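Single-letter residue listing:
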Amino acid sequence: MAASGAVELGAAAATAAPSPAPAQAPAPEHLFRPISAEDEEQQPTEIESLCMNCYRNGTTRLLLTKVPFFREIIVSSFSCEHCGWNNTEIHSAGRIQDQGVRYALTVRTQEDMNREVVKTDSATTSIPELDFEIPAFTQKGALTTVEGLISRAISGLEQDQPTRRANEEAVAERIDEFIVRLKELKRVASPFTLIIDDPSGNSFVENPHAPQKDHALVITHYNRTVQQEEMLGLQAEAPEEKPEEEDLRNEVLQFNTNCPECNAPAQTNMKLVQIPHFKEVIIMATNCDSCGHRTNEVKSGGAIEPLGTRITFHITHPSDLTRDVLKSETCSVEIPELEFELGMAVLGGKFTTLEGLLKDIRELVTKNPFTLGDSSNPDQMEKLQEFSQKLDQILEGNVKAHFIMNDPAGNSYLQNVYAPEDDPEMKVEHYKRTFDQNEELGLNDMKTEGYETGLAPQR
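Values in this document were obtained by computation on a predicted structure and should not be read as measured data.

Visitor: Could you give an account of helix H3 (residues 146–159), with specific residues and numbers?
Guide: Given a rise of 1.5 Å per residue, 14 residues ought to cover 20 Å, and the 20 Å separating the end C-alpha atoms of H3 matches this to within 8%. Considered for burial, the residues of H3 that qualify are Val-146, Leu-149, Ile-150, Ala-153 and Ile-154. An end-on view of H3 places all buried positions within 135° of arc, on one side of the element.

Structure (structure tokens):
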């Protein structure tokens, strides 16, 4: 902790003005010199700083250097002459890289143990052969070797062994066995893999054959995840646009309205539904607790299609009546065998089954108030009874019939149980709308291009 604070102060002093320390600071253009034991001019900058162990003043030494084939780093070393406490750290002098980096080194010889390693605070070190891992931010950054990393891990495990032997002897014995295995790695009794994964991209493993390729070292650059961005402090929180969109599609929305029958306060439920091989629709249902009135309505979630749609379906089996049907407000229905045609906007928009739509048609025709009562025409009543009987036969599956849906807006749908293959009993035609159909949809007077030009005040 003390060394961290000292590094920040030292970095500012080293870059702002010459240090009053015995060694003269290098010129600004030579702040970061390649690391070399033979460079006599490369001297560390010394700063007096507080020791967090005895709270007396110690000395922090800063060395601004450059690792060959890598980048600039700041090496700091703190020592206290009063209590003997010391600490060493390493900090990257550059920014966090655009991508993370992963080094996988296969250690086979003693020369591999001598490779230089730059390990930052955010790097994770692991050895798969031992199931051993040092998580990120559990150790300070270090400029060391492969052997030094293993020695540092051994020292960390041995530090609390006396306490463990007194309190948890079984755990201490297992750790002793693991320390023996780590020491065997230092002798390179058998090959092993050292993996350093750093999301900041500022760690480094030396390639002694540079600039040639190192066959024992695999370097992988990758894009950071959202969690890694948060860990490095680059992103405050995860984006919420996608969860909001998913919640909207999976949630039933409610809003207050009035009942169309008794005008009492009621609630309308609304939900987005994706129909397979078609498009999104909006289903709205209103339930009144006062009078029990219930209504449902379906709206197309998309725009008016460029072409109209005509769907002709041949009902040949009772199972055909279970198919899903979306009838929009602009769709007309025709049953040639009954000489029946249902115009646009009648029954409104509905998402139901073919059986449910035929029952709604029967109820609409037979319960028409103008055909009931004393003023009804006997001949008309007879025709309605005949129509109802024929429709019942279709619903029971005793009579085959054609069901035709004609929607100039192209927003109606009849389920194809063979999808994505064609249905042998269904014919879907797309046609160009007539002028009258465009007039009914309000498209003739709609100007979507060039409407900004030629606008002038009408008064």
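Visitor: Outline empty space enclosed by the protein, listing residues and values.
Guide: Counting across every chain of the model gives two cavities of 30 Å³ or more. Taken as a whole, the second largest cavity holds about 50 Å³ of empty space. The wall of the second largest cavity is formed by Thr-125, Ile-127, Phe-132, Ile-134, Leu-149, Ile-150, Ala-153 and Leu-194. Put simply, the parts of the chain that give the lining of the second largest cavity at least two residues each are strand E8 (124–127), strand E9 (132–134) and H3. Looking at which element gives the most residues to the lining of the second largest cavity, the answer is H3, with three residues. Grouping the amino acids of the lining of the second largest cavity by side-chain chemistry returns seven nonpolar, one polar and no charged.

Visitor: Before we move on, could you go through the pairing of strand E14 (residues 253–258) and cite the residues and values that matter?
Guide: Here E14 runs beside strand E15 (residues 265–274); their pairing, made up of six bridges, is antiparallel. Bridge pairing in E15 places Phe-255 opposite Thr-268. Hairpin connection of E14 to E15: six residues between the antiparallel strands, including Asn-263 at a positive phi of 65°.

Visitor: Outline unusual backbone geometry, listing residues and values.
Guide: In this structure, Pro-420 follows Ala-419 across a cis peptide bond, with omega equal to 5°. In this structure, Pro-420 sits in the loop between strand E24 (413–414) and strand E25 (426–431). The backbone phi angle of Tyr-55 is positive, close to 60°, even though this residue is not glycine. The topology assignment puts Tyr-55 in the loop between strand E2 (45–50) and strand E3 (57–66). Overall, the relative accessible area of 56% leaves Tyr-55 in the exposed class. For Val-188, which is not glycine, the phi dihedral falls at a positive 50°. Inspection of the secondary structure puts Val-188 in the loop between helix H5 (169–186) and strand E11 (192–198). Overall, the relative accessible area of 13% leaves Val-188 in the buried class.

Visitor: Before we move on, could you go through the sheet that holds strand E12 (residues 204–205) and cite the residues and values that matter?
Guide: Spatial strand order, E10-E7-E12: three strands in an open sheet with antiparallel pairing. With partners counted over all chains shown, the strands left at the sheet margins are strand E10 (142–145) and E12, one partner each. With four bridges connecting them, strand E7 (residues 116–119) and E10 associate as antiparallel partners. Paired with Val-117 across the strands is Thr-144, a residue of E10. Each of E7 and E10 is contacted by H3, which is oriented at about 110° to E10, the strand it contacts most.

Visitor: I'd like a description of the side chain of Asp-407, backed by residues and values.
Guide: Within the secondary structure, Asp-407 is located in strand E23 (residues 401–407). In terms of polar contacts, Asp-407 uses its side chain to reach the backbone amide nitrogen of Asn-411, at 3.0 Å. In contact with Asp-407, other than residues within four places in its own chain, are Gly-308, Thr-309, Ser-328, Thr-330, Cys-331, Ser-412 and Tyr-431.

Visitor: Any chance you could break down the packing of aromatic side chains for me, citing the residues and the numbers?
Guide: Evaluated as defined, the whole model comprises three aromatic pairs. Measuring from centroid to centroid gives 5.4 Å for Phe-132 and Phe-178, while their planes differ by 40°, and the two rings are tilted. With Phe-132 in strand E9 and Phe-178 in helix H5, this residue pair connects regions lying 46 residues apart in the sequence. On the basis of relative accessibility, which here comes to 18%, the residue Phe-178 falls in the buried class. Here Phe-340 and Phe-387 contribute two aromatic rings whose centre-to-centre distance is 5.2 Å and whose plane-to-plane angle is 40°, an arrangement assigned as tilted. With Phe-340 in strand E21 (residues 340–342) and Phe-387 in helix H9 (residues 378–396), this pair connects stretches of sequence that are 47 residues apart. Judged by its relative accessible area of 13%, Phe-340 is buried.

Visitor: I'd love a proper account of the pattern of salt bridges, names of residues and values included.
Guide: Using the criterion set out here, one finds 14 salt bridges in the structure. Note that Lys-427 is salt-bridged to Glu-429, the shortest N-O span being 3.9 Å. Judged by its relative accessible area of 30%, Glu-429 falls in the partly exposed class. Several salt bridges share partner residues, and in doing so they unite Asp-112, Arg-115 and Asp-214 into one network.

Visitor: Let's hear about the packing of H3 against H5: which residues, and what values?
Guide: The interhelical angle for the contact between H3 and H5, taken along N-to-C directions, is 165°, at an axis separation of 10 Å. What the angle tells us is that H3 and H5 run roughly antiparallel. For the pair H3 and H5, the sense of crossing is left-handed. Contacts between H3 and H5 pair Glu-147, Ile-150, Ser-151, Ile-154, Leu-157 and Glu-158 from the former with Ile-175, Phe-178, Ile-179, Leu-182, Lys-183, Leu-185 and Lys-186 from the latter. Classifying every residue of the contact of H3 with H5 gives eight nonpolar, one polar and four charged.

Visitor: Talk me through a nonpolar patch on the surface; I want residue IDs and the actual numbers.
Guide: A grouping of Leu-50, Met-52 and Tyr-55 is seen on the molecular surface, where their side chains present a nonpolar patch of about 320 Å² in accessible area. Here Leu-50 is to be found in strand E2.

Rules used throughout
Residues numbered from 1 in each chain as written. Predicted model: local features only at pLDDT ≥ 70, side-chain atom pairs only at ≥ 80, totals over all residues. Heavy atoms only, no water. Helix = DSSP H or I, 4+ residues; strand = E, 2+ residues; numbered from the N terminus. Expected span 1.5 Å × (residues − 1). Buried < 20%, exposed > 50% of the residue type's maximum accessible area, 1.4 Å probe, protein only. Arc of directions from axis to C-beta. 1 Å grid on protein atoms, 1.4 Å probe; cavity = no way out; pocket = protein on both sides within 12 Å on 5 of 7 lines; lining within 4 Å. Points joined across faces, edges and corners; volume = space filled by probe spheres on them. Nonpolar A, V, L, I, M, F, W, Y, C, P; charged D, E, K, R; others polar. Pairing = 2+ DSSP bridges. Contact = heavy atoms within 4.5 Å. Axes fitted to C-alpha atoms, helices over the stretch in contact; angles between N-to-C directions. Polar contact = N/O pair within 3.5 Å; in protein donor to acceptor, adjacent residues only side chain to side chain. Phe/Tyr/Trp six-rings, centres within 6.5 Å; stacked < 30°, edge-to-face > 60°. Salt bridge = Lys/Arg side-chain N within 4 Å of Asp/Glu carboxyl O. Parallel < 35°, antiparallel > 145°, perpendicular 65-115°, else oblique. Left-handed = near helix turned anticlockwise from the far one by under 90°. Patch = residues over 30% accessible without salt bridge, like charges linked within 9 Å, V, L, I, M, F, W, Y side chains within 5 Å. Areas by Shrake-Rupley, 256 points an atom, 1.4 Å probe, with all protein chains shown as cover.

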